[in-house]
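A look at the structure
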Amino acid sequence: MVTRGPSQVRVAGPLAPHAEGFRTALAAQGFSPWSQMFYLHLLADVSRWLDRNGLDASGLTDATVSAFRQDRRSRGRARFRGTQGLALLLSFLRDAGAARPQAA
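With that settled, consider empty space enclosed by the protein. Summed over all chains, the structure comprises one cavity of 30 Å³ or more. Size it by volume and the largest cavity reaches roughly 30 Å³. Around the largest cavity, the lining residues are Val46, Leu60, Val65, Phe68, Leu86, Leu89, Leu90 and Leu93. Top element by residues in the lining of the largest cavity is helix α4 (residues 83-95). It accounts for four residues. Of the residues assigned to the lining of the largest cavity, the class counts are eight nonpolar, no polar and no charged.

What follows covers the nonpolar core. Counting residues in hydrophobic clusters, the biggest one holds 27 residues, and the most contacted among them are Phe22, Leu43, Val46, Leu60, Leu86, Leu89 and Leu93. Elements supplying a minimum of two residues to this core: α1 (19-28), α2 (33-52), α3 (62-74) and α4. In terms of residue count, the dominant contributor to this core is α2 (nine residues). Beyond its immediate sequence surroundings of up to four residues, Phe22 is in contact with Tyr39, Leu40, Leu43, Leu88, Leu89 and Phe92.

With that settled, consider the confidence of the model for the protein chain. Summarising the model, the protein chain shows a mean pLDDT of 85, and 87% of its residues fall at 70 or more. Here α4 is the element of the protein chain with the lowest mean pLDDT, 83, and α1 is the one with the highest, 95.

On to the pattern of salt bridges, then. Taken as a whole and judged by the stated rule, the model has five salt bridges. The closest approach of N and O atoms between Arg94 and Asp62, which form a salt bridge, is 3.3 Å. Here Arg94 is found in helix α4, whereas its partner Asp62 is found in helix α3, with 32 residues between them in sequence. Three or more residues are tied together by salt bridges with common partners; here these are Asp45, Arg48 and Arg72.

As a further point, take the packing of α1 against α2. At a minimum axis separation of 10 Å, α1 and α2 run at an interaxial angle of 150°. Put simply, α1 runs roughly antiparallel to α2. Helix-helix and strand crossings are classified by hand; for α1 and α2 the assignment is right-handed. Residues Ala19, Phe22, Arg23, Leu26 and Ala27 of α1 form the contact with α2, whose own contacting residues are Gln36, Tyr39, Leu40 and Leu43. Here the residues of the contact of α1 with α2 are counted per class, giving seven nonpolar, one polar and one charged.

How each quantity is defined
Residues numbered from 1 in each chain as written. Predicted model: local features only at pLDDT ≥ 70, side-chain atom pairs only at ≥ 80, totals over all residues. Heavy atoms only, no water. 1 Å grid on protein atoms, 1.4 Å probe; cavity = no way out; pocket = protein on both sides within 12 Å on 5 of 7 lines; lining within 4 Å. Points joined across faces, edges and corners; volume = space filled by probe spheres on them. Helix = DSSP H or I, 4+ residues; strand = E, 2+ residues; numbered from the N terminus. Nonpolar A, V, L, I, M, F, W, Y, C, P; charged D, E, K, R; others polar. Core = buried A, V, L, I, M, F, W, Y, C linked by side-chain atoms within 4.5 Å. Buried < 20%, exposed > 50% of the residue type's maximum accessible area, 1.4 Å probe, protein only. Contact = heavy atoms within 4.5 Å. pLDDT = per-residue confidence, 0-100. Salt bridge = Lys/Arg side-chain N within 4 Å of Asp/Glu carboxyl O. Axes fitted to C-alpha atoms, helices over the stretch in contact; angles between N-to-C directions. Parallel < 35°, antiparallel > 145°, perpendicular 65-115°, else oblique. Left-handed = near helix turned anticlockwise from the far one by under 90°.

Printed below as a string of structure tokens:
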């Protein structure tokens with residue numbers, strides 16, 4: 001899906017309530033609108049994946065993040081396949097209390 005700006009990225013599923021907050025946090029951190037779009041598309045992808053697997057945001061554990069990364073890689077998604085790509089999103093969701101804290 002091609003969008004013209006971060007506010008036009010549509011997020012459905014369990015992470016939809018966090019989309020605007022994530023966009024605002026990205027903008028506050030100085031991310032360009034282009035970068036914001038990439039991260040919001042990642043949020044949308046994670047949300048769809050959670051929904052397909054019958055999980056909500058609290059289902060984002062280290063194990064499910066690993067499974068998501070593997071699924072994304074198998075689908076040929078080039079961006080944000082590694083841990084570093086998901087780190088910003090996970091940090092936001094954890095700070096918002098939506099995702100579980102990182103395992104020790």
